[in-house]
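Examining the three-dimensional arrangement
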Amino acid sequence: MKLVTVIGARPQIIKAAALSRAIRNHYADQIREVIVHTGQHYDDNMSQVFFDELQIPRPDYNLNVGSASHGVQTARMTEGIEDILIKERPDFIVLYGDTNSTLAGAIAAAKIHVPIVHIEAGLRSFNKAMPEEINRIVCDHCSTLLFTPTKAGLENLKHEGFPMGNERPYTIDNPKVYHCGDIMYDNSLHFADIAEAKTNIIKRLELVDKPYILATIHRDTNTDRPERLGAIFKAMLQLAEESPIVLPLHPRTAKLLKTNLDENLQKQIYSSQNIKLIPPVSFLEMIALERHSQLVMTDSGGVQKEAYFFKKPCIILRPETEWVEIVQTGNAILTDADEGRIMQAWQHFESHPATNFPPIFGDGHAAEFMLSRILECCACHSKPDLL
Ligand code: UD1
Ligand code: UDP
């Protein structure tokens, strides 16, 4: 069986490590994976570092699309992916998550009848102003096999009319939904101890045995709107009086801090001894930082989940989340970009430490499960008849 896997943004590269590892360890004789990097993320610390560190095979193709508006970026990727699909004639295309790389893969594949496997299917924010919400809805509705990480994802797909308990053959018109756990959890379990052994970031930041907050910010609604970015950083200045903050800066945020944050606030942030603004870190460094932190504060999908994997309370800098279970269990609080609500959430976790983290993300073997189901589906499928 041949799979074409499309990756492009940082979290997809990291997720792909789990699938490639499972192919290498369990299915090397049955599955050939062709990796396409769209080039959506291209800085070394947003891309290459993960290939080096997580033993992901070198991409077979790199479309080098780089940054552009949504339409231009998606169009360039779609064109490139279509050419590759026609040349490679895979049994399936594998798409992760909800980025523009996911959307481009879905459009390219569906139109020429390459069956789509969507990993991280069914998640919804119910906020269509988010580009990711559009991307994930389109991808889900073009997919043949949908692997959902959570029960909430499964319920969302049921509500959208996806069949449950249907029989083979599975097709774009008779798609199959599997609830299988989270592929990022596979990675966190696999790499947690390796990260302890191989990284020294905690020491480098002089945080050994010290409590600290780990923060990330990159959502367009937070970076592109000065009032929201300002509110988050005002809260950070207050929090930094209580505990040091480590903030690995996404390149989008690094750029927009300069234009969208009030000059006075910028000065205070850059001169604060207790706010450690650092470039994006590697995955092993990131999970070491998560594991040793006292609290995580983020608008990232992946980072809020990893906080849960490492049993840390999390302040979510968004009005809503797709990962509703971590809020329902009381381990995360939605504060939006609201200074007062951020401070209240901090105080809440100070007086009510999060202690109960039920297992809601599977058993750490989601990738093996997915590959076995893809192989089963392939066995009852004839090779796609490409247009
Ligand atoms: C993208 C995804 C988002 C995901 C995030 C993960 C979409 C619509 N958004 O957001 O869902 O959560 O990746 O990190 O697909 N830039 C660089 N170097 C890079 C990459 C980006 O400098 O290597 C800068 C550029 O100025 C670019 C900006 O970051 O314009 C935004 O990059 P882009 O990939 O468009 O969106 P992200 O905000 O990264
Ligand atoms: N991450 C990383 N280095 C960083 C910040 C994040 O390796 O400096 C990892 C993080 O551990 C998680 C993934 O990147 O696995 C999340 O990606 P991101 O926050 O960019 O996107 P999202 O998950 O919101 O789509």
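Everything here concerns the structure above.
In this text, all values refer to a predicted model and were calculated from it rather than measured experimentally. (Residues numbered from 1 in each chain as written. Chains lettered and ligands numbered in written order. Predicted model: local features only at pLDDT ≥ 70, side-chain atom pairs only at ≥ 80, totals over all residues. Heavy atoms only, no water.)

**Remarks on the packing of aromatic side chains**
If you walk through the whole model with that rule in mind, you get nine aromatic pairs. Ring geometry for F147 versus Y178: centroids 5.3 Å apart, planes at 15°, classification stacked. Of the two residues, F147 is situated in strand β6 (residues 145-148) and Y178 in strand β7 (residues 176-179); the sequence distance between them amounts to 31 residues. The exposure class of Y178 is buried, given its relative accessible area of 10%. A ring pair is formed by Y185 and F309, whose centres lie 4.9 Å apart and whose planes are at 50°; its orientation type is tilted. Residue Y185 is found in helix α7 (residues 183-198), and its partner F309 is found in helix α14 (residues 301-309); the two are separated by 124 residues along the sequence. What makes F309 buried here is its relative accessible area of 11%. Members of the aromatic cluster, joined through ring pairs, are Y185, Y308, F309, W323, F357 and F361. (Phe/Tyr/Trp six-rings, centres within 6.5 Å; stacked < 30°, edge-to-face > 60°. Helix = DSSP H or I, 4+ residues; strand = E, 2+ residues; numbered from the N terminus. Buried < 20%, exposed > 50% of the residue type's maximum accessible area, 1.4 Å probe, protein only.)

**Comments concerning the sheet that holds strand β13 (residues 332-334)**
What the six strands build is an open sheet, ordered β10-β9-β8-β11-β12-β13; its pairing is parallel. Looking at which strands have only one partner, the edges of the open sheet turn out to be β10 (275-278) and β13. Shown here is a sheet whose adjacent strand axes are inclined to one another by a mean of 20°, direction ignored. Packed on one face of the sheet, helix α13 (residues 283-292) meets β8 (213-216) and β9 (245-248) and runs near 135° to β8. On top of the sheet, α14 reaches β8, β11 (295-298) and β12 (314-316); it is set at about 165° to β11, its chief contact. (Pairing = 2+ DSSP bridges. Axes fitted to C-alpha atoms, helices over the stretch in contact; angles between N-to-C directions. Contact = heavy atoms within 4.5 Å.)

**Side note on the site of ligand 1**
Close contacts around ligand 1 come from 19 residues, with H41, N100, E132, R252 and K255 the closest. One of the side-chain N or O atoms of H218 is found 2.9 Å from an oxygen atom in ligand 1. A distance of 2.7 Å separates an oxygen atom of ligand 1 from a polar side-chain atom of K255. Here ligand 1 loses 88% of its free accessible area of 750 Å² to cover by the protein chains. Looking at which element gives the most residues to the shell around ligand 1, the answer is helix α11 (residues 251-260), with three residues. (Near = heavy atom within 4 Å. Polar contact = N/O pair within 3.5 Å; in protein donor to acceptor, adjacent residues only side chain to side chain. Areas by Shrake-Rupley, 256 points an atom, 1.4 Å probe, with all protein chains shown as cover.)

**Notes on the nonpolar core**
Within the largest apolar cluster, 72 residues are counted, with the highest numbers of intra-cluster contacts made by L3, L54, F92, L145, L289, L371 and I374. Residues contacting I374, with those up to four places away along its chain left out, are M1, L3, F92, V117, L145 and F147. Residues M236, A240, A337 and M343 belong to the second largest nonpolar core, which totals 29 residues. (Core = buried A, V, L, I, M, F, W, Y, C linked by side-chain atoms within 4.5 Å.)

**Focus: the side chain of D91**
Its location among the elements puts D91 in the loop between α3 (70-88) and β4 (92-96). At a separation of 2.8 Å, a polar atom in the side chain of D91 contacts the main-chain amide nitrogen of K2.

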